[in-house]
Amino acid sequence: MVNLEDPFASAEGRTAPNIPPMIKPGKAKVPSLASAKATKPRTLPKALEGTPVNPKRDQSAPICFSCAFFFANLKDSSDFQIWVSKNEEKIKKVAESTTNHGRVLRIDQYTVQNYVILDLVLDTNNAAGQNMVTLAAKVACEYIQKETNHNYFLESNMNSDKEASVRNMMLGRGHGVTAETTIKNSVMKRILKMDPDILFDAWSFFPIVSSMAGTHGNGLHVSNALTAIYLATGQDAACAAENSVAHVGLEKREDALKFKLTLPSLTVGTVGGGTRLKMQNKNLELLGCSEGEHSSRKLAEIIAGATLSLEISLICAIGSHTWTDAHMKYGRK
């Protein structure tokens, strides 16, 4: 297990984890939750160990790329949109010529003043797909420019790449996963040192204050789990900025609490990019996510389970007033 105290330094050691079997994804059985803890707080490895979680089947969301075309007047804009609609199949074919794995599902159009945003929506299979969609959009825009003689900007910022946005919260980019776990009151008190009744009664202030602050979602520190696993499995760590939007909820059960988490946008993949690095690929193998038709979905489910575990740990540490003590014991002194 490696703790990366300096992100610019190299660290030798076993990045494969030592977390016991504890997670049941929607379809595939995962032998263990491998999560290299490459983040600064030393309390994170402790928090990631030990909460049984059941990630439900994820809902795969396609990856989009939004470019902007500019016009001198509304008539030109209107004529352009008609042309795009009539030639959509040709545009899709051109875009798909750049990849063996991606498939253009549709091209959405949005009119804003004197420009039109073309939103290319792709199914990227097991790839995270950011580079795939960028190249596909570039070639498609070049074709459109050649046929229509209209200028464009490749990036309109509507796709919200690496940005927390309402769009990504609602539509997602990659995978949307919901995870849940039910913990008995006796376990809450014995292991997590938290009175479940106090936690449930006080919990409502988290989403209220989150809303007052204007945050997207009400997760506590989702980006900690995402960044650690992203670095360990060769993902684009910068995507934690958009992927850390989360919705956390509690339900009271007979003699138990149910913890629920929805991550609407996980931009992860199991092929291409950093997944080809030796150690990162080895970690994917340990997770059982290095191959298979739905390996990226499986990875997304595992990430959701680990994230919920970490959220539960911090929620209970705050509620039991052991949060600071844990940092003093396992973190810097």
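Model, not experiment: these values are computed from the prediction. (Residues numbered from 1 in each chain as written. Predicted model: local features only at pLDDT ≥ 70, side-chain atom pairs only at ≥ 80, totals over all residues. Heavy atoms only, no water.)

Right, let's talk about the pairing of strand β7 (residues 174-184) for a bit. Judged by how many residues are buried, β7 sits mostly within the fold: 8 of 11 residues are covered. Where β7 meets strand β9 (residues 256-266), 9 bridges bridge the pair, whose relative direction is antiparallel. Bridge pairing in β9 places Ala-179 opposite Leu-261. (Buried < 20%, exposed > 50% of the residue type's maximum accessible area, 1.4 Å probe, protein only. Helix = DSSP H or I, 4+ residues; strand = E, 2+ residues; numbered from the N terminus. Pairing = 2+ DSSP bridges.)

It is characteristic of soluble globular proteins that their nonpolar side chains tend to be buried jointly. Residues Met-188, Leu-199, Phe-259, Leu-266 and Ile-303 are the most contacted members of the largest nonpolar core, which totals 36 residues. Where this core is concerned, the elements lending two or more residues are β7, α9 (222-233), β8 (247-253), β9, α11 (278-287) and α12 (295-319). Counting residues per element, this core draws most heavily on α12, at 10 residues. In this structure Leu-199 touches Met-188, Met-194, Leu-250, Leu-257, Phe-259, Ile-315 and Cys-316, once residues within four positions along its chain are discounted. (Core = buried A, V, L, I, M, F, W, Y, C linked by side-chain atoms within 4.5 Å. Contact = heavy atoms within 4.5 Å.)

Summed over the entire model, instances satisfying the criterion amount to 15 salt bridges. With its nearest N and O atoms 3.4 Å apart, the salt bridge here joins Asp-161 to Arg-173. With a gap of 12 residues between them, Asp-161 in the loop between β6 (152-153) and α5 (166-171) and Arg-173 in the loop between α5 and β7 connect regions that are remote in the sequence. Assessed through its relative accessible area of 24%, Asp-161 is described here as partly exposed. Given a relative accessible area of 1%, Arg-173 falls into the buried group. For Lys-252, the salt bridge goes to Asp-197, with nearest N and O atoms at 3.1 Å. (Salt bridge = Lys/Arg side-chain N within 4 Å of Asp/Glu carboxyl O.)

This part takes up the packing of α9 against α12. For the pair α9 and α12, interaxial distance at closest approach is 9 Å and the crossing angle is 140°. In terms of orientation, α9 and α12 fall into the oblique class. α12 is crossed by α9, and the crossing has right-handed handedness. The residues of α12 that touch α9, namely those facing Val-222, Asn-224, Ala-225, Leu-226, Ile-229, Tyr-230 and Thr-233, are Leu-299, Ile-303, Ala-306, Thr-307, Leu-310 and Glu-311. Looking at the contact of α9 with α12 residue by residue, the classes come out as 9 nonpolar, 3 polar and 1 charged. (Axes fitted to C-alpha atoms, helices over the stretch in contact; angles between N-to-C directions. Parallel < 35°, antiparallel > 145°, perpendicular 65-115°, else oblique. Left-handed = near helix turned anticlockwise from the far one by under 90°. Nonpolar A, V, L, I, M, F, W, Y, C, P; charged D, E, K, R; others polar.)

When the terminal C-alpha atoms of α12 are compared, their 36 Å separation across 25 residues agrees well with the 36 Å that a helix rising 1.5 Å per residue should span. Counted residue by residue, α12 has 21 buried out of 25 residues, so it is predominantly covered. Where α12 ends, the next residue or the one after it, His-321, has phi of about 60°, a positive value. (Expected span 1.5 Å × (residues − 1).)

Moving on: the confidence of the model for the protein. Looking at the protein as a whole, its pLDDT mean stands at 83, while 81% of the residues score no less than 70. Predicted confidence for residues 1-47 stays below pLDDT 50, and this span has 117 contacts to residues more than four positions away or in other chains. (pLDDT = per-residue confidence, 0-100.)

It is worth spelling out the side chain of Asp-119 at this point. Positionally, Asp-119 belongs in strand β5 (residues 115-123). A polar contact of 2.5 Å, which involves the side chain of Asp-119, links it to the side chain of Ser-66. Those residues in contact with Asp-119 that lie beyond four places of it in its chain are Cys-64, Phe-65, Ser-66, Arg-106, Ile-107, Asp-108, Tyr-110 and Arg-167. (Polar contact = N/O pair within 3.5 Å; in protein donor to acceptor, adjacent residues only side chain to side chain.)

Spatial ordering of the open sheet is given by β4-β5-β3-β6, a layout of 4 strands whose pairing is antiparallel. Among the strands making up the open sheet, the edge pair consists of β4 (103-112) and β6. Inspection of the sheet shows strand β3 (residues 63-70) paired to β6 by 2 bridges, in the antiparallel sense. Bridged to Phe-69 within β6 is Tyr-152. Sheet contacts for helix α4 (residues 130-148): β3, β5 and β6; angle to β3, the most-contacted strand, approximately 30°.

The next point concerns the environment of Gly-172. Looking at the element boundaries, Gly-172 is found in the loop between α5 and β7. Spatially, the C-alpha atom of Gly-172 lies 7.3 Å from that of Leu-266, the residues being 94 residues apart in sequence.

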